[in-house]
Amino acid sequence: MQGSLGGIDIAILVAYCAVLIWMGVYYRRKCRTAEQFMVADRTIPAWAAGLAVMSAYTSSISYIATPGKAFDSNWHPIIFSLCIFPVAWLACRYAVSYYRKMQLISVYTFLEERLGTWGRIYAALSFLLYMIGRVAVILYLVGLLLSKFISAAPQFQDQTIVVVILVIGLVTIVYTLLGGMEAVIWTDVMQSLVMIAGIAFCAVALSRSVFSGPEPLIQAAVDNGKFSFGSLKLSLSEQKLLSDRTIWVMIIFGVTENLRNLLADQNYVQKYCSVPDERQAKRSIWIAMLIYIPLTLVFLYIGTALFAFYSEGDELARAGISKGDEVFPHFIATQVPPVLKGLIVAAIVAAAMSTVDSALNCSATVSLLDFYKRFSKLDVGEQTSIWFLRLATVGWGVAGTGFALLMIRAESALDVWWQISGIFGGGILGLFLLSLLRVRLRLWQGLVSIGASVAVITWASFVRSSFLDKFNLELKESWRWAECRLDVVIIGATGTAALMAVAVILSLFNRRAAARPAAKHV
């Protein structure tokens, strides 16, 4: 196969994995208590935590999918990144101060304090289910990607993916369970640097090709509107062409998703809670954002430059490439020389591992604090806690790896499961916003609010033509009015809005009930 990894490239990948395992062994000596495993004794410097938070934003998915979106459409994903500025300010102003004052490790303890046990358990369970799907998808995609760089007969393609998934999954589990959060953050630092170096090289190499000559190829991208930020049309509807997605859709998506990340996602909160004090926690968030936004611009630029690079000739058609997600891997395989190819593939692996290691550590933390310690009647000591954390890391790692292997044969079934886990987790942001606004709910009111969110997200996910067409289904003419036409990326925001609206209405009855005795007394 043209573009297969050579001996030196494979040696680079093996050496990279060996360094990661060594780092896990090295940090094991500092990981002797549960707090050291979960938040590294809160000794991580702000710049390192910032790089780790940034790495949680990026993965092998964004490494391939973001250039792919720019190739297929335009620069509308940058709106998502720009929405980080107001969201980061809000998070630092209102959430981080309170989280640090509480000295929390699991962010879901905040929900129990404000809403009750039901809010904590619902959010923690939704997070764990979501993490299994996330780990599975990332391992599967990186396995699928790396299999394209390994020479193997077509009949052995699936076996190649299996081996890649198992190796990456095993290496990540080993260094995460040995070194805990300190190993996670310092390997994330190294992986972030490798990832940035790899993406920077590709950007420079492409620039030399598309800007040279009397008629630079980049003009083709300009002529096709590839630098557009999206449509200004006042619409939230799903568009036939991705390039027609409106700026307003991306603003809603950017605000709600970034709020969920920085306020309600254990992956992010646990990392910025690993620094010594509140000031450094806020600094780590801004460091992460100020790196992530330029990095997104580079990812988008690479996708646009790839469009220009392949605008002449039919190389992609001859290679059987029809999707934007396939273009960047093809470029790496065919245009990047040996050694550098190994480093760039290592960068893609780094992007995957930096997301998976965090997911495993955070899942183990939530399992211990929100379930085992919260409900166990036994006296859970330090030694028991550390063993539980390590066993949970292995357990969640095996579960994620197992689901990744299932995706080789049953991708569509796993997609539905992933969508269902997203449906039940879609209301988490709403619960955190209600908690910050100090809206009090009784148990039945909370369950009704969550039920409303689940119902709205289910409707928006499945009662739409793009989903029904997959199964050759269609709504009857008399039910056409019930079809959801909202853009798919704001389904979560719609569910959040539904939860908050129902919860606020129900909370008004609590205020009236509380006011009646006072009125009678007067």
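What you are looking at is a predicted structure, and each value in this text was computed from that prediction instead of being measured.

Rules used throughout
- Residues numbered from 1 in each chain as written.
- Predicted model: local features only at pLDDT ≥ 70, side-chain atom pairs only at ≥ 80, totals over all residues.
- Heavy atoms only, no water.
- Helix = DSSP H or I, 4+ residues; strand = E, 2+ residues; numbered from the N terminus.
- Rg over C-alpha atoms; globule rule 2.2 N^0.38 Å.
- Contact = heavy atoms within 4.5 Å.
- Areas by Shrake-Rupley, 256 points an atom, 1.4 Å probe, with all protein chains shown as cover.
- Lys, Arg positive; Asp, Glu negative; His and termini not counted.
- Charge placed at Lys NZ, Arg CZ, Asp CG, Glu CD.
- Core = buried A, V, L, I, M, F, W, Y, C linked by side-chain atoms within 4.5 Å.
- Buried < 20%, exposed > 50% of the residue type's maximum accessible area, 1.4 Å probe, protein only.
- Phe/Tyr/Trp six-rings, centres within 6.5 Å; stacked < 30°, edge-to-face > 60°.
- Lys NZ or Arg CZ within 6 Å of the ring centre and 35° of its normal.
- Salt bridge = Lys/Arg side-chain N within 4 Å of Asp/Glu carboxyl O.
- Polar contact = N/O pair within 3.5 Å; in protein donor to acceptor, adjacent residues only side chain to side chain.
- Axes fitted to C-alpha atoms, helices over the stretch in contact; angles between N-to-C directions.
- Parallel < 35°, antiparallel > 145°, perpendicular 65-115°, else oblique.
- Left-handed = near helix turned anticlockwise from the far one by under 90°.
- Nonpolar A, V, L, I, M, F, W, Y, C, P; charged D, E, K, R; others polar.
- Patch = residues over 30% accessible without salt bridge, like charges linked within 9 Å, V, L, I, M, F, W, Y side chains within 5 Å.

Describe the overall build of the protein, naming the residues involved and giving the relevant values.
Helix and strand counts for the protein come out as 21 helices and zero strands. Relative to the 2.2 N^0.38 estimate, which gives 24 Å for 522 residues, the radius of gyration of the protein is 24 Å and therefore close to what a compact globule would have. With the C-alpha coordinates of the protein rotated into their principal frame, the extents come out at 85 × 65 × 45 Å. Considering only contacts in the protein between residues 6 or more positions apart, those separated by 24 or more positions represent 83%. Total accessible area computed for the protein in this model is approximately 22,700 Å², and 65% of it derives from carbon and sulfur atoms. With 43 positive and 33 negative side-chain charges, the protein shows a separation of 11 Å between the mean positions of the two kinds.

Tell me about the nonpolar core, residues and numbers included.
Y63, Y99, Y108, L306, F328, M353 and F432 are the most contacted members of the largest nonpolar core, which has 148 residues in total. No other element matches helix α9 (residues 157–210), which puts 21 residues into this core. Apart from the residues within four sequence positions on either side, M353 is in contact with Y16, C17, L20, I168, V171, T172, Y175 and Q191.

Residues and numbers for the packing of aromatic side chains, please.
Tallied over the full model, the rule gives 18 aromatic pairs. Considering the side-chain rings of Y57 and Y268, the 5.0 Å spacing of their centres and the 65 degrees angle between planes classify their relative orientation as edge-to-face. Highlighted residues: Y57 in helix α3 (residues 46–57) and Y268 in helix α12 (residues 266–272), separated in sequence by 211 residues. When sorted by exposure, Y57 lands in the same class as Y268, which is buried. Above the face of the Y130 ring, R260 is positioned so that its terminal group lies 5.6 Å from the ring centre. Sitting over the face of the ring of F375, R374 holds its NZ or CZ atom 5.0 Å from the ring centroid.

Go over unusual backbone geometry with me, naming the residues and quoting the values.
Although it is not a glycine, A40 adopts a positive phi angle of roughly 55 degrees. Take A40: it is sitting in the loop between α2 (34–39) and α3. Under the relative-accessibility criterion, A40 is labelled buried at 1%. Phi angles above zero are rare outside glycine, and R438 is one such case at about 60 degrees.

Break down the pattern of salt bridges for me, with residues and values.
Evaluated as defined, the whole model comprises 15 salt bridges. Two residues, E182 and K30, come together in a salt bridge whose shortest N-O distance is 3.8 Å. Placement of E182 in helix α9 and of K30 in the loop between α1 (7–28) and α2 is noted, with a sequence separation of 152 residues between them. Residue class for E182 comes out buried when judged on its relative accessible area of 11%. What makes K30 partly exposed here is its relative accessible area of 34%. The partner of R464 in a salt bridge is E238, and the shortest N-O contact between them spans 2.7 Å. Linking R464 in the loop between α19 (443–462) and α20 (465–468) with E238 in the loop between α10 (218–223) and α11 (247–264), this pair joins segments that are 226 residues apart in sequence.

How would you sum up the side chain of N258? Please name residues and give values.
Note that N258 resides in helix α11. Within the structure, N258 has its side chain in polar contact with the side chain of Y57 (distance 2.8 Å).

How would you sum up helix α15 (residues 327–335)? Please name residues and give values.
The buried fraction of α15 is high, at seven of nine residues. Within α15, the full set of buried residues consists of V327, F328, P329, H330, F331, I332 and A333.

Break down the packing of helix α6 (residues 84–102) against α11 for me, with residues and values.
Orientation of α6 relative to α11, taken along the N-to-C sense of each, is 30 degrees, at an axis distance of 10 Å. In terms of axis orientation, α6 runs roughly parallel to α11. Pair α6 / α11 crosses with right-handed handedness. Residues I84, V87, A88, A91, A95 and Y99 of α6 form the contact with α11, whose own contacting residues are V255, N258, L259, L262 and L263. Here the contact of α6 with α11 is composed, by residue class, of 10 nonpolar, one polar and no charged.

How would you summarise the side chain of K226 if you had to cite specific residues and measurements?
Relative to the elements of secondary structure, K226 occurs in the loop between α10 and α11. The side chain of K226 sits in the buried core without any salt bridge; D72 is the nearest counter-charge, 6.4 Å away. In terms of polar contacts, K226 uses its side chain to reach the backbone carbonyl oxygen of D72, at 3.4 Å. Setting aside anything within four residues of it in sequence, one finds K226 in contact with A70, F71, D72, S73, N74, W75, A221, T304 and F307.

If you had to explain the environment of Q445 to someone new, which residues and values would you point to?
Here Q445 is to be found in helix α19. With 61 residues separating them in the primary sequence, Q445 and L506 have C-alpha atoms 6.5 Å apart. Every residue in contact with Q445, bar those within four places of it in the chain, is listed here: R440, L506 and N510.

Describe in detail a nonpolar patch on the surface, supporting the description with residues and values.
On the surface, L232, L234, L236, W248, I251, I252 and V255 cluster together into a nonpolar patch covering about 610 Å² of accessible area. Examined against the element boundaries, V255 turns out to sit in helix α11. Residue classification places V255 among the partly exposed positions, given a relative accessible area of 30%.

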